[in-house]
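Analysis of the macromolecular model
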Amino acid sequence: MGRFLTYTIFLFFLSVSVFSQSKINSFLKPSDTLNTSRRNAVYITEASLATISLIGLNQLWYADYPQSKFHTLNDNDEWLQMDKLGHVFSSYQMSRVGANVLEWSGESKKNQLIYGSTLGLAFLTTVEVFDGFSAEWGFSWGDMIANVSGTGLFVGQELLWDEQRLTLKYSFHQTDFAPQNPEKLGNGFLEEVLKDYNGQTYWLSANINSFFKESKIPKWLNVAVGYGADGMLSGKEDVNNLIISPQRKRQYYLSLDVDLTKIKTNSHILKSVFDVLNVIKVPFPTLELDSKNGLKAHFIYF
C-alpha cells in the first residue's frame, strides 16, 4: 500500500510538473502573428524598467556627487579601452534582448529593429547625459561611439543576413589587482565582475556554419577572437601607494566557442535559457598573444 501511495504521489507531481512546463513552454513560444496584449505588455514593462532604473541610478549614484553645467569628457585613453568595449557589449546585448522580446510578441521585423534594438542605445544615451551634468564625470563621445557601434553591430547583421552570425560575448576571472584598489576595481566577486577590467575579456564569436551553409561543420560551433588587458590599477596611471606597480598590457585571444542558440531543441524553455547564457563565452583551449610576453597557450581559458 505504501509503495502504491508513493507511486501515485510520484505520478501526480510528475503530471503537475509536465503540465506546468507545458504551460511555460507555450507562454515562451514566439507568436506567429501580432499579439497585441503581449506587445503592449512588452512596451509597458520596458518603459517601466527603464524609468525605475534611471531613477534608482540617479538616487544611488549621482546624488552623492555635485551637479554641474553640461560638459564633455575625453576618457578614450583610459583602461586600455576596456571600458569602451564594455559599452559596445552592453549596447549590443540590450539591442538583442529588445528585439527578441518584440519578436516573442509577434511584432514585425521592422518594428523589432526600430523600437526593440534601439532600447539599449536610448537607455545608455540617457546615462551619458546624466554623466554630462555630473561634476565627477562628463559626457563621453567615446562612450557614445561605442554605444552606437554595439547597436549597429546588431542591426547591421539583421539587415544584411537576417541573423546574428557574429555575437559579442564576455568572460571573467578574478585577479590580484582588485584587492589593491577595491574602490576602482571592486570589492568582492560581484563588484569585480563589473569593475575589474583586468579580469574581463570581450569576445567576437563567429558562427562558422552560417558563413558556409553547405558545410558539415556543426551549426553550434564558433570561432572567437578576444581582447583583454592586464596590469591596470587605475584608469590612466598606476596608483603610487599600492603594493605593486604592474605593467599595463593588451591581450589578444583566439579560441573556439559554442553558439547555444544553434543547439536544436523543441523546448522553448531551453531555448530561452540558451539565449540568456549565450552572452557568456564557453571555456575552451585558447591561444593568447600579449604585448609584453608574446604567445602562450591556455589549456582552458575563461
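Residues numbered from 1 in each chain as written. Predicted model: local features only at pLDDT ≥ 70, side-chain atom pairs only at ≥ 80, totals over all residues. Heavy atoms only, no water.

A few words on a nonpolar patch on the surface. A surface patch of nonpolar side chains, about 750 Å² in accessible area, is lined by Leu204, Val223, Val225, Tyr252, Leu254, Leu256, Leu287, Leu289 and Leu295. Secondary-structure elements contributing two or more residues to the nonpolar patch are β3 (221-230), β4 (249-258) and β5 (284-290). No other element matches β4, which puts three residues into the nonpolar patch. Along the chain, leucine 254 falls in strand β4. Using a relative accessible area of 42% as the deciding quantity, one classes leucine 254 as partly exposed. (Patch = residues over 30% accessible without salt bridge, like charges linked within 9 Å, V, L, I, M, F, W, Y side chains within 5 Å. Areas by Shrake-Rupley, 256 points an atom, 1.4 Å probe, with all protein chains shown as cover. Salt bridge = Lys/Arg side-chain N within 4 Å of Asp/Glu carboxyl O. Helix = DSSP H or I, 4+ residues; strand = E, 2+ residues; numbered from the N terminus. Buried < 20%, exposed > 50% of the residue type's maximum accessible area, 1.4 Å probe, protein only.)

Applying the stated criterion across every chain, the model contains 13 salt bridges. Here glutamate 288 ties to lysine 296 by a salt bridge, and the two come within 4.0 Å at their closest N and O atoms. The exposure class assigned to glutamate 288 is buried, which follows from its relative accessible area of 2%. Beyond isolated ion pairs, a larger network of salt bridges with shared partners links Asp75, Asp83, Lys84 and Asp143.

Time to look at the pairing of β5. Strand direction decides the pairing type here: β4 and β5, joined by five bridges, are antiparallel. Bridge assignment links tyrosine 253 to a residue of β5, and that residue is glutamate 288. Examined bridge by bridge, β5 and strand β6 (residues 294-301) share six bridges and lie antiparallel to one another. What sits directly across from leucine 287, in β6, is alanine 297. Connecting β5 to the antiparallel partner β6 that follows it, the hairpin turn spans three residues. (Pairing = 2+ DSSP bridges.)

Sheet architecture is open: six strands sit in the order β1-β2-β3-β4-β5-β6, paired in antiparallel fashion. If you trace the sheet from one side to the other, it starts and ends with β1 (166-172) and β6, each paired once. Taken over all neighbouring pairs, the strand axes of this sheet differ in orientation by 25° on average, direction set aside. Note: β3 against β4, ten bridges, orientation antiparallel. Bridged to aspartate 230 within β4 is lysine 249. Helix α3 (residues 82-104) rests against β1, β2 (200-207) and β3 of the sheet, and its axis sits at about 125° to β1. (Axes fitted to C-alpha atoms, helices over the stretch in contact; angles between N-to-C directions. Contact = heavy atoms within 4.5 Å.)

What follows covers helix α4 (residues 109-116). Along α4, the residues that are buried comprise Gln112, Leu113 and Gly116. The buried residues of α4 occupy an angular sector of 105° when the element is viewed end-on, so they sit on one face. Against the buried residues of α4 lie α3, α5 (119-132) and α6 (141-161). (Arc of directions from axis to C-beta.)

Between α3 and α4, whose axes approach to 8 Å, the crossing angle comes to 140°. By the angle between their axes, α3 is oblique relative to α4. Classified by chirality, the crossing of α4 by α3 is right-handed. Side by side, α3 and α4 meet where Met94, Ser95, Gly98, Ala99, Leu102 and Glu103 of the first sit next to Asn111, Gln112, Tyr115 and Gly116 of the second. (Parallel < 35°, antiparallel > 145°, perpendicular 65-115°, else oblique. Left-handed = near helix turned anticlockwise from the far one by under 90°.)

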